[in-house]
Amino acid sequence: SERSASSKGLSIYELAVDSITTRGEDPYIWLSQNQCVDLLSATQNAADEIISQMRNIAETIPEYKVLRAMHGVGDRLGPIIGDVHRFHSGKALNSYAGNDAPPYQSGQFESRNRHISKRGSSALRKACYEVMQALKLIKPQDDPVYLFMLKKEQEGKPFNVAKMAGVNKFLRIYYARAMELYK
């Protein structure tokens, strides 16, 4: 109510008065803040340069164009996957991403409710997850991966389960399209 709102406002004001400010008349504060901004800028420039070099290397691989043509794919994913020749199947590529369920069997018991293994490349798994998020934002109605995710969500699968199922389908489609280049 109104009484608690005024007491909250008063407590915020008291906290602000007692807090340490980030800007002041002290030249050392200004110097340290400027150094932090310079460091952040240099870090961003270095990251941009690394991504540019990774993209230049990835562009020499023929299947990179196939990957970039897929919806939701940015500059970082191609260099992370690398050469798909090292995988014998789309399932192996999914396994490398850690997007496969490990077998669990003991005697007569066989588990049916298993989570992804998370072994393999966490960077690839995260990049593919970002692709799924991009697909959810751009909503390409002709994309089989996006439509598959929607189908899984309509079946009542949790949001993240549907996304990881989409990652599985995405990697299998990518593998099949990339291997067609070498036939």
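Here we summarise the structure given alongside this text.

Analysis parameters
Residues numbered from 1 in each chain as written. Predicted model: local features only at pLDDT ≥ 70, side-chain atom pairs only at ≥ 80, totals over all residues. Heavy atoms only, no water. Helix = DSSP H or I, 4+ residues; strand = E, 2+ residues; numbered from the N terminus. Buried < 20%, exposed > 50% of the residue type's maximum accessible area, 1.4 Å probe, protein only. Lys, Arg positive; Asp, Glu negative; His and termini not counted. Salt bridge = Lys/Arg side-chain N within 4 Å of Asp/Glu carboxyl O. Contact = heavy atoms within 4.5 Å. Core = buried A, V, L, I, M, F, W, Y, C linked by side-chain atoms within 4.5 Å. Expected span 1.5 Å × (residues − 1). Phe/Tyr/Trp six-rings, centres within 6.5 Å; stacked < 30°, edge-to-face > 60°. Lys NZ or Arg CZ within 6 Å of the ring centre and 35° of its normal. Axes fitted to C-alpha atoms, helices over the stretch in contact; angles between N-to-C directions. Parallel < 35°, antiparallel > 145°, perpendicular 65-115°, else oblique. Left-handed = near helix turned anticlockwise from the far one by under 90°. Nonpolar A, V, L, I, M, F, W, Y, C, P; charged D, E, K, R; others polar.

**Quick notes on the side chain of Asp-143**
Next, step 1: With respect to the helices, strands and loops of the structure, Asp-143 is situated in the loop between α6 (122-138) and α7 (144-154).
Next, step 2: The buried charged residue Asp-143 lacks any salt bridge partner; its closest oppositely charged side chain belongs to Arg-177, at an N-O distance of 6.0 Å.
Next, step 3: Those residues within four positions of Asp-143 in sequence are excluded, and the remaining contacts are His-71 and Leu-135.

**A closer look at the nonpolar core**
Next, step 1: Within the largest apolar cluster, 28 residues are counted, with the highest numbers of intra-cluster contacts made by Leu-77, Ile-81, Phe-170 and Tyr-174.
Next, step 2: Every element with two or more residues in this core is listed here: α3 (63-68), α4 (77-81), α5 (90-96), α6, α7 and α8 (159-180).
Next, step 3: With 8 residues, α8 is the single largest residue contributor to this core.
Next, step 4: The residues touching Ile-81, leaving out its near neighbours within four places in the chain, are Leu-67, Arg-86, Phe-87, Leu-93, Leu-124, Leu-171 and Tyr-174.

**Considerations on α8**
Next, step 1: Taking 1.5 Å as the rise per residue, α8 with 22 residues should run 32 Å; its terminal C-alpha atoms sit 32 Å apart, in good agreement.
Next, step 2: Of all the positions in α8, only Ala-162, Lys-163, Met-164, Gly-166, Val-167, Phe-170, Leu-171, Ile-173, Tyr-174, Tyr-175 and Ala-178 are classed as buried.

**With respect to the environment of Met-132**
Next, step 1: Mapped onto the fold, Met-132 is located in helix α6.
Next, step 2: Of the residues examined, Met-132 reaches a relative accessible area of 0% and is grouped as buried.
Next, step 3: Spatially, the C-alpha atoms of Met-132 and Gly-166 are 6.9 Å apart, while their sequence positions differ by 34 residues.
Next, step 4: With sequence-adjacent residues up to four places away left out, Met-132 is seen in contact with Val-145, Met-149, Lys-163, Gly-166, Val-167 and Phe-170.

**Quick look at the pattern of salt bridges**
Next, step 1: This structure, assessed with the given rule, holds 2 salt bridges.
Next, step 2: Linking Lys-136 and Glu-153 is a salt bridge whose minimum nitrogen-to-oxygen distance equals 2.9 Å. In this pair, Lys-136 is assigned in helix α6 and Glu-153 in helix α7, connecting sequence segments 17 residues apart.
Next, step 3: Using a relative accessible area of 24% as the deciding quantity, one classes Glu-153 as partly exposed.
Next, step 4: Notably, a salt bridge pairs Lys-152 with Glu-155, separated by 3.4 Å at the nearest N-O pair.

**Let's talk about unusual backbone geometry**
In terms of backbone geometry, most residues other than glycine have negative phi values and most peptide bonds are trans.
Next, step 1: In the Ramachandran plot, Lys-139 falls in the positive-phi region, its phi being about 50° despite a non-glycine side chain.
Next, step 2: Examined against the element boundaries, Lys-139 turns out to sit in the loop between α6 and α7.
Next, step 3: Lys-139 sits in the partly exposed class, given a relative accessible area of 46%.

**Structural notes on the packing of aromatic side chains**
Next, step 1: Applying the stated criterion across every chain, the model contains 1 aromatic pair.
Next, step 2: Taking 5.2 Å as the distance between ring centres and 50° as the angle between the ring planes, the aromatic pair formed by Phe-87 and Tyr-96 counts as tilted.
Next, step 3: Take Phe-87: its relative accessible area is 8%, and that puts it in the buried class.
Next, step 4: Overall, Tyr-96 belongs to the partly exposed group, its relative accessible area being 27%.
Next, step 5: Sitting over the face of the ring of Tyr-96, Arg-86 holds its NZ or CZ atom 5.0 Å from the ring centroid.
Next, step 6: Looking at Lys-169, its charged tip hangs above the ring of Phe-148, at a distance of 5.1 Å from the centre.

**Quick look at the packing of α7 against α8**
Packed helix pairs are specified by the crossing angle of their axes together with the interaxial distance, meaning the distance between the axes.
Next, step 1: Axis separation between α7 and α8 bottoms out at 9 Å; the angle between their running directions is 150°. With respect to α8, the axis of α7 lies roughly antiparallel. As for the relative orientation of α7 and α8, their crossing is right-handed in sense. In contact with Pro-144, Val-145, Phe-148, Met-149, Lys-152 and Glu-153 of α7, α8 contributes Phe-159, Ala-162, Lys-163, Ala-165, Gly-166, Lys-169, Phe-170 and Ile-173.
Next, step 2: Of the residues that constitute the contact of α7 with α8, the class distribution is 9 nonpolar, 1 polar and 4 charged.

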